[in-house]
Amino acid sequence: MQSALNPNGVTITGTGFYVPTSLLTNLDLAASLDTSDEWISQRTGIRQRYIAETSTETSDLAVMAATDALHRAQLSPEDVDLIVVATSTPDYAFPSTAMLVKQKLGSRAPAFDLSAACSGFVYALSISSDLIKSGAYHNVLVIGADKFSKIMDWQDRNTAVLFGDGAGAVVLQSRPGASSSFSLLGSEERGADTLISPVTGPITMHGREVFKFGVRILESMLTKVMGELELSLEDIALIIPHQANVRIIEHAADKMNIPMDKFFMNIETYGNTSAASIPIALAEAVEQQRIQAGDIVVLAGFGAGLAWGVQVIQLG
Ligand code: ACO
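Residues numbered from 1 in each chain as written. Predicted model: local features only at pLDDT ≥ 70, side-chain atom pairs only at ≥ 80, totals over all residues. Heavy atoms only, no water.

*Asks:* What am I meant to see in the packing of helix α7 (residues 207-229) against helix α8 (residues 246-256) here?
*Replies:* Geometrically, a packed helix pair is captured by the angle between its two axes and the distance between the axes. Axis separation between α7 and α8 bottoms out at 9 Å; the angle between their running directions is 45 degrees. When the interaxial angle is binned, α7 and α8 end up oblique. Judged by the twist between their axes, the crossing of α7 over α8 is right-handed. Listed contacts from α8 to F211, G214, V215, L218, E219, L222 and T223 of α7 are R247, I248, I249, H251, A252, K255 and M256. (Axes fitted to C-alpha atoms, helices over the stretch in contact; angles between N-to-C directions. Helix = DSSP H or I, 4+ residues; strand = E, 2+ residues; numbered from the N terminus. Parallel < 35°, antiparallel > 145°, perpendicular 65-115°, else oblique. Left-handed = near helix turned anticlockwise from the far one by under 90°. Contact = heavy atoms within 4.5 Å.)

*Asks:* Honestly, the pattern of salt bridges in this entry has me stumped. Any pointers?
*Replies:* Where charged atoms from two side chains of opposite charge come close, those side chains can pair. Scanning the entire structure with this criterion turns up 10 salt bridges. In this structure, E57 and K150 form a salt bridge, with 3.1 Å as the shortest nitrogen-oxygen distance. Pair noted here: E57 is in the loop between β3 (48-51) and α3 (58-73) and K150 is in the loop between β6 (139-146) and α6 (157-160), with a separation of 93 residues, a long-range link. K104 is paired through a salt bridge with D60; the nearest N and O atoms lie 2.8 Å apart. With K104 in helix α4 (residues 97-105) and D60 in helix α3, the pair connects residues that are 44 residues apart, well separated along the chain. For K104, a relative accessible area of 43% translates into the label partly exposed. (Salt bridge = Lys/Arg side-chain N within 4 Å of Asp/Glu carboxyl O. Buried < 20%, exposed > 50% of the residue type's maximum accessible area, 1.4 Å probe, protein only.)

*Asks:* Is there a simple way to think about the pairing of strand β11 (residues 238-241) in this case?
*Replies:* Each regular strand carries side chains that alternate between the two faces of the sheet. Both faces of β11 are covered, namely the face carrying L238 and I240 and the face carrying I239 and P241. In this sheet, strand β12 (residues 296-303) lies alongside β11 in parallel orientation, the contact comprising four bridges. Within β12, the position partnered with I239 by the bridge is V298. (Pairing = 2+ DSSP bridges.)

*Asks:* Looking at this structure, I do not really get helix α2 (residues 37-44). What am I missing?
*Replies:* Note: α-helices contain 3.6 residues per turn, so residues at a spacing of three or four share the same orientation. Those residues of α2 that sit buried are I40, S41 and T44. Each buried residue of α2 lies within a common arc of 100 degrees when the element is viewed along its axis, so the set occupies one face. For α2, the exposed residues set more than 90 degrees away from the buried face come down to E38 and Q42. The secondary structure elements touched by the buried residues of α2 are α1 (26-30), β3, α8 and α9 (267-270). (Arc of directions from axis to C-beta.)

Keep in mind these values describe shape, not function.
Encoded structure:
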């Protein structure tokens, strides 16, 4: 991280999240699928997830999360000068989900979607930080929102047990004097077919390959970013990984000798909400006072592509 007097400081000044009200437990799934609460919770760490009504679209989830984040940042929609929505489940091919969010919020800001599956939020945060550092924008609303329930084959136990719907958002602001943000983005040379969904679904996945990729890339990106910034574990308040499977995180933590309590986990409650998983976890960590203003957090995303991204950023 650059010095405390860095003129290009970028911080997160507000976080928010929203999940729909309809709860789907492992036991509910086991009633219609050849699976069990025990299998799902032991293999993934998931106990339940929330599923949106048919009439609730990704943009609706995003607006709820964005409103929460703006409120906490004490900004109104007119103050926002750019909106970026990371999603793989847009409401329409066009207009973008971000344009719908903009309209529903009552903003005139430019707005666009970014598609990088479960890495989408970190990609969006990285690009938005760089746009702020360039001086082009000052107050950016970065949202991760997904409604995977609409692209799921509910008869496929390989995937149906994993995902949930939701949205998380942050307000990203220029703040001279704050630390600069830092990110690394990347992808694998191969593996685009490892986890795939046509626009209308259903998802198909080679679970074991994705699992192995998750463990390897999490270790590799955390090692790289800590090395580049000369960060020790003590410098980092919390690591917020994409919530894909608690065992992926446990394996990587074990390999790196990092205690599990350095990682924030909430997969038990929400399942894998794809682009929403990191901002939901971030907002919950703030709400639970696990992190506060001034803290350095590391956000680590990985998923379809196979893509990955890690972002180091300070809370404002
Ligand atoms: N319920 C009960 N049994 C099941 C289920 C289920 N839902 N799914 C598979 N099984 C069975 C299999 O048939 C197999 O049975 P067998 O031994 O008789 O052949 C056994 O359980 C083991 O199956 P595996 O697929 O080897 O199980 P694994 O331990 O690998 O767990 C899982 C599967 C949970 C999918 C794991 O591989 C995983 O989490 N992978 C990563 C998935 C992921 O993170 N995807 C999202 C990425 S993010 C994004 O970009 C969208």
